[in-house]
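Take a look at the letters that make up each chain.
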Amino acid sequence: MDFILQKKIVALQEIVMNVSNISRNTVGMETSITESTLQSLPTISRGFQDLVRLIPQAKVTGGGVMALAGQGNRFNAFFIDGANNNDIQGIAANGTNGGQTGAPPVSVEAIEEIQVLLAPYDVQFGNFTGGSINAITRSGSNENKASAWYYFRNENLAGRATQPVETPGNPGVFSRPRLPAFYNQTFGIWNSGALVRNKVFYFALIEKQSESRPRPFNMSEYRGNSTQQQLFALSDSIKNKYNYDPGSFLEGIDELTTTRVNLKIDWNASIKDKFMLSYRYNYTERISQGVAGATLVFFQNIGFTVPARTHAASFEWKRFLKKEMNNRLLLTFTNQLDNRKWMGQLFPRVSIADGSGFITFGSEANSGVSAFKANDITLFDAFKIITNQHVFTIGLDVNYSKFDNRSIPNYYGNYQFRNLNDFLNGAFPIRFQRSFLTTEEPNSKHADLGVKFSTLRSSSFINDEIRLSAKLKLNWGLRLDIHSMPAKPKKDAFFNDTAISIISRYYDLEGASSGEAMRPQWAFSPRLGVDYKLTRYGINIRGGAGIFVGHIVNVWTYNVYNNGIGSIDINPQQLGLKFIADPYDQPTPQSLNIDPSNLKGELNIMAKRFKYPSVFRSTI
């Protein structure tokens, strides 16, 4: 009897596997904050700082400042899907793109996992002396998912004052008042799924945030000489005499609006090729002013607006050549734009001494001419070869940043008066300050005001992870970083030919001269890590030591290239200068009969031996 087997196709039931890389073998100090922790962790700011505070070696303070491993908050490295998310300019307290606004650079709803590296002895990680924080955004799957959220908070959801205070106008009557009216709301939606089942997946998110926090000024606490009626009279006088509205001094302003967009595509082209494309957009605008107090009166239009816009994209290609060979290529691009603007009409800044206090109005001094834009490009490639005992990693890490920055403080004039009567009666100011370009006069028609410069970091590395036994694993590696500044600053011939010889008699300039930036610096980062398991006692011992080379604050570099700014700082009475209300007709050196060559402003130079920061770190 013959038996013939017939071909039959049977579809087995789908099996879903959730795999996390948190359990991967590591040698060094690192922490992964997974999705389950992110969903259960309470957060008010919905920013990195509320999440990073889980790290024992992190110090998180107000304003989103995060200091890791005892280093300054500006020496961390922030990444979103591998793309550089550092504050490229280097002035934000929280160290991230758009950080001047105080808003987080990405929605926490978009984050799937956060990896915080403090002492990774795998040398492919570098460019920080504090810590490296990498946020990995969500990806899609075959299952279609969506989520929507809305958060709202106002004065009715906040408690009353903790201590009774005397009711204004009712001496001896105490109460616990509520906070002044404010609101804070965030809403958004995301959706994920498959464009092509088992092949192409997507994730899309949009979130909007708006805040308004009052800053009321309590006149009863003011220690200056002027009364509330006198300040009202000052405001009326400015409006009538100069046709300028300084705004209210009783109500401060602090407003924020944000739009965040995240798009991500994952493509499983084949068993050997995996692609990922991620795009993020963040536009935030904060309107703020100085905080008034017992010795300070700020009129509202002394405030400024900070619009911060970031475009960022990441492209990743994982290629599995053979069972024992694979390659990871990562290309990232980040574009950042921060342009400060004044509030209300443009007007010179005026500060008036008022006994123990000061009265200030006019346009904010640093917002007259202020523009910053930057592009950051990174190429990262890591090639791995796996043998019986070794995992070799060889790679490149190249980063190029291009900057276009302009900052001219006090360009529209900064006047100081001895007292309120002097200003109202048209007396001479006691001080006048103004900065200006020595080569051109900026105005609203100029499109190219920036100081252009760039930085280049070229890194190569080799790493070997050796598994000597089931209990013992070693990791050693060597990383080489080369930092350079391709463009040269402007040269000041007088300083190089004359001033250096005189200054050197009293101060060691360490080879610095005008027109020279940092020379290319070579930095070696050897690292060694050990992982040993005492399986009998359930103990795992990890330790190691190594050198970590970080980055500098780029605003320092900008100062070296920004040598075309002159400044006036005079006693106006000596030159017969009275207050000029027209911001576009402020005094020039020529109108004051001053030789412009004597008003070159400050000159910033860099020592020949200047190096990027580095630390030696060991852990056990």
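A quick note: this is a predicted structure, and the numbers were derived from the prediction, not measured.

Can you help me understand helix 6 (residues 554-561) in this one?
Working note: α-helix, 3.6 residues per turn, so residues spaced by three or four point in the same direction. Among the eight residues that make up helix 6, six are buried, leaving the element largely enclosed by the rest of the structure. Of all the positions in helix 6, only Asn 554, Val 555, Thr 557, Tyr 558, Val 560 and Tyr 561 are classed as buried. Those residues of helix 6 that are buried lie in contact with strand 24 (390-408) and strand 27 (451-467).

I keep staring at the environment of Tyr 242 and nothing clicks. Help me out?
Considering the arrangement of structural elements, one finds Tyr 242 in helix 3 (residues 228-242). Of the residues examined, Tyr 242 reaches a relative accessible area of 22% and is grouped as partly exposed. Linking Tyr 242 and Glu 285, residues 43 residues apart in sequence, is a C-alpha distance of 29 Å. In contact with Tyr 242, not counting residues within four places along its chain, are Ser 237, Phe 347, Phe 423, Phe 579 and Ala 581.

Is there a simple way to think about the nonpolar core in this case?
A general trend in soluble globular proteins is that nonpolar side chains are found buried together. The biggest cluster of nonpolar side chains holds 35 residues, and the ones touching the most others in it are Phe 361 and Phe 423. Only helix 3, strand 21 (349-354), strand 22 (357-361), strand 25 (414-417), helix 4 (420-424), strand 26 (431-437) and strand 31 (565-570) provide two or more residues apiece to this core. Grouped together as the second largest cluster of nonpolar side chains are 26 residues, Leu 41, Ala 58, Ile 80 and Val 116 included.

Explanation requested: the environment of Thr 259 in the structure shown.
Of note, Thr 259 is situated in strand 15 (residues 254-268). Taking the C-alpha atoms as reference points, Thr 259 and Gly 131, 128 residues apart in sequence, are found 28 Å from one another. For Thr 259, the contacting residues outside a window of four places in its chain are Glu 207, Lys 208, Tyr 281, Asn 282 and Tyr 283. At a separation of 2.8 Å, a polar atom in the side chain of Thr 259 contacts the side chain of Lys 208.

Can you walk me through the packing of aromatic side chains in this structure?
For any pair of aromatic rings, the description rests on two quantities: the centre-to-centre distance and the angle between the ring planes. Taken as a whole, this structure holds 32 aromatic pairs when the rule is applied. Relative to Trp 317, the ring of Phe 275 has its centre 5.6 Å away and its plane inclined at 15°; by these criteria the two rings are stacked. With a gap of 42 residues between them, Phe 275 in strand 16 (residues 273-288) and Trp 317 in strand 18 (residues 304-322) connect regions that are remote in the sequence. Note that Arg 340 overlies the ring of Phe 304, its terminal NZ or CZ placed 4.0 Å from the centroid. When the ring centre of Phe 548 is taken as reference, the NZ or CZ atom of Arg 617 above it lies at 5.6 Å.

Any chance you could explain the pattern of salt bridges here in plain terms?
Proximity of charged atoms lets side chains of opposite charge pair with each other. This model, assessed by the stated rule, comprises 20 salt bridges. The partner of Lys 264 in a salt bridge is Asp 81, with the nearest N and O atoms 3.9 Å apart. Within this pair, whereas Lys 264 is found in strand 15, its partner Asp 81 is found in the loop between strand 4 (77-80) and strand 5 (83-84), the two being separated by 183 residues in sequence. Side by side, Lys 264 and Asp 81 carry an identical accessibility label, which is buried. For Lys 373, the salt bridge is made with Asp 404, and the minimal N-O distance between the two is 4.0 Å. Taken as a pair, Lys 373 in strand 23 (residues 369-386) and Asp 404 in strand 24 lie far apart in primary sequence, 31 residues in all. Judged by its relative accessible area of 43%, Lys 373 is partly exposed. What makes Asp 404 buried here is its relative accessible area of 13%. Sharing partners across several salt bridges, the network here consists of Arg 213, Arg 215, Asp 254 and Arg 286.

Whenever I open this one, unusual backbone geometry confuses me. Can you help?
Where the residue is not glycine, phi is negative for most of them; where a peptide bond is considered, it is trans in most cases. Of note, Glu 510 is a non-glycine position whose phi angle comes to about 50°, a positive value. Inspection of the secondary structure assignment puts Glu 510 in the loop between helix 5 (493-503) and strand 29 (521-534). Classification of Glu 510 by relative accessible area gives partly exposed; the value is 38%. One non-glycine residue, Asn 593, adopts positive backbone phi at about 60°. The residue Asn 593 is located in the loop between strand 31 and strand 32 (614-619) in this model.

Cut-offs and rules
Residues numbered from 1 in each chain as written. Predicted model: local features only at pLDDT ≥ 70, side-chain atom pairs only at ≥ 80, totals over all residues. Heavy atoms only, no water. Buried < 20%, exposed > 50% of the residue type's maximum accessible area, 1.4 Å probe, protein only. Helix = DSSP H or I, 4+ residues; strand = E, 2+ residues; numbered from the N terminus. Contact = heavy atoms within 4.5 Å. Core = buried A, V, L, I, M, F, W, Y, C linked by side-chain atoms within 4.5 Å. Polar contact = N/O pair within 3.5 Å; in protein donor to acceptor, adjacent residues only side chain to side chain. Phe/Tyr/Trp six-rings, centres within 6.5 Å; stacked < 30°, edge-to-face > 60°. Lys NZ or Arg CZ within 6 Å of the ring centre and 35° of its normal. Salt bridge = Lys/Arg side-chain N within 4 Å of Asp/Glu carboxyl O.

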